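Spelled out from the first residue to the last, the chains are:
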Amino acid sequence: MVKKSQTSQPYSFVVDVGNTHTVLGIYKGDKVVDHWRLTTRKETTSDEVMNRIGGLIRFSDIKPEKINYVGLSTVVPVLERPWTKALQALLKRPVQVVNSDNCLNCPIAYPNPKTLGADRLCNIIALRNRGYKNAIVVDMGTATTFDVMKNGGFAGGAIIPGISASLDVLTEKAARLLPVSIEWPSKVIADNTDDAIRSGLMYGFMAELETLVAKIKAELGVKNVPVFATGGWGKMVVGHTKCIDTYDPYLTLDGVRLVAIYGNVAAEFDRENEED
């Protein structure tokens, strides 16, 4: 990766906008020094976003004028504009938005690379920077994505409903099944309806996870492929399976950080032309 001229420990402000949650972080060099998790609001303006960000930064030791680089990844297309404009206005820096045209030359096997989610691309970018050539990333959010890295590029993968999304669909479609808290039941064979839902939800997800990882490894045909987990549900899952080698809650953010520093397609929006 080509190094830019920079301070020895630059500060980067990075944002990963997901379908349900938005994660923000401040890095000093390659270390997270502050981070926040917000609910994603699908309908918002740049002024509203700026107000939310400003409120968080106000209580951080890292002030806006210290920020050297800014990066944004979003899987919600309508939020790219308000978030970019808010970050530009607040931090007075160009915003590098992660996409297939701004991915540090990461090879993408999709026939139409523009359809690849930015978060999935960030996971591979982060691992490329750490020297990996082959790997699997299981990103457990609203959707659970299996991101496959082969020969240093994004080779493809799989997508299944996430844990919370599966519960939402089940309880919406089945009249007598009510929402439950998401937690591990004490046993698989439940003696009440709530725990029966939890058992099917958690152990069913685990069966999907382990089966897909095994099949991906077999299809890759590469020995000793490391498996990384990230995403909001990752921490809850990793202690219950042996198929995950490493849990890294900041893997996606690290990819955003790298594009923030080394990207070459800064987004620009005029704040005078507000959102509709």
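Look up: the structure comes first, before these words.
Residues numbered from 1 in each chain as written. Predicted model: local features only at pLDDT ≥ 70, side-chain atom pairs only at ≥ 80, totals over all residues. Heavy atoms only, no water.

(A) Focus on the side chain of Ser 12. Here Ser 12 lies in strand 1 (residues 11-17). Given the relative accessible area of 0%, Ser 12 is considered buried. Those residues within four positions of Ser 12 in sequence are excluded, and the remaining contacts are Gly 25, Ile 26, Tyr 27, Tyr 69, Arg 257 and Ile 261. (Helix = DSSP H or I, 4+ residues; strand = E, 2+ residues; numbered from the N terminus. Buried < 20%, exposed > 50% of the residue type's maximum accessible area, 1.4 Å probe, protein only. Contact = heavy atoms within 4.5 Å.)

(B) Up close: the sheet that holds strand 11 (residues 266-267). One open sheet holds the six strands; their spatial order is 3-2-1-4-5-11, and the pairing between them is mixed. Two strands lie at the open edges of the sheet, namely strand 3 (31-39) and strand 11, each paired on one side alone. Of the pairings in the sheet, the one linking strand 4 (residues 69-74) to strand 5 (residues 95-97) comprises three bridges and is parallel in character. Within strand 5, the position partnered with Gly 71 by the bridge is Gln 96. Sitting on the sheet, helix 1 (residues 46-57) touches strand 1, strand 2 (21-28) and strand 3, and the angle it makes with strand 3 is about 135 degrees. (Pairing = 2+ DSSP bridges. Axes fitted to C-alpha atoms, helices over the stretch in contact; angles between N-to-C directions.)

(C) Quick peek at the environment of Thr 193. Tracing the backbone shows Thr 193 in helix 5 (residues 193-220). Along the chain, Thr 193 and Val 180 lie 13 residues apart, while their C-alpha atoms are 9.6 Å from each other.

(D) The sheet that holds strand 7 (residues 143-150), seen in detail. Strands sit in the order 8-7-6-9-10 across an open sheet of five strands; the sheet is mixed. Unpaired on one side and paired on the other, strand 8 (153-161) and strand 10 (246-247) mark the two borders of the sheet. Of the pairings in the sheet, the one linking strand 9 (residues 227-230) to strand 10 comprises two bridges and is parallel in character. From the neighbouring strand, Ala 229 faces strand 10, where its bridge partner is Tyr 247.

(E) Representation of a nonpolar patch on the surface within the structure. Taken together, Val 188, Ile 189 and Tyr 203 make up a surface patch of nonpolar side chains, about 310 Å² in accessible area. Within the secondary structure, Tyr 203 is located in helix 5. (Patch = residues over 30% accessible without salt bridge, like charges linked within 9 Å, V, L, I, M, F, W, Y side chains within 5 Å. Areas by Shrake-Rupley, 256 points an atom, 1.4 Å probe, with all protein chains shown as cover. Salt bridge = Lys/Arg side-chain N within 4 Å of Asp/Glu carboxyl O.)

(F) Highlighting helix 5. Compared with the 40 Å implied by 1.5 Å per residue over 28 residues, the 40 Å span of helix 5 between its first and last C-alpha is a close match. What helix 5 keeps buried is the set Ile 197, Arg 198, Ser 199, Leu 201, Met 202, Phe 205, Met 206, Leu 209, Val 213, Ile 216 and Leu 220. As for helix 5, its buried residues are in contact with strand 6 (135-140), strand 7, strand 8, helix 4 (163-173), strand 9 and helix 6 (234-238). Where helix 5 begins, the side chain of Asn 192 points an oxygen toward the backbone nitrogen of Asp 194, at a separation of 3.3 Å. Remark: Gly 221 follows helix 5 within two positions and exhibits a positive phi of approximately 70 degrees. (Expected span 1.5 Å × (residues − 1). Polar contact = N/O pair within 3.5 Å; in protein donor to acceptor, adjacent residues only side chain to side chain.)

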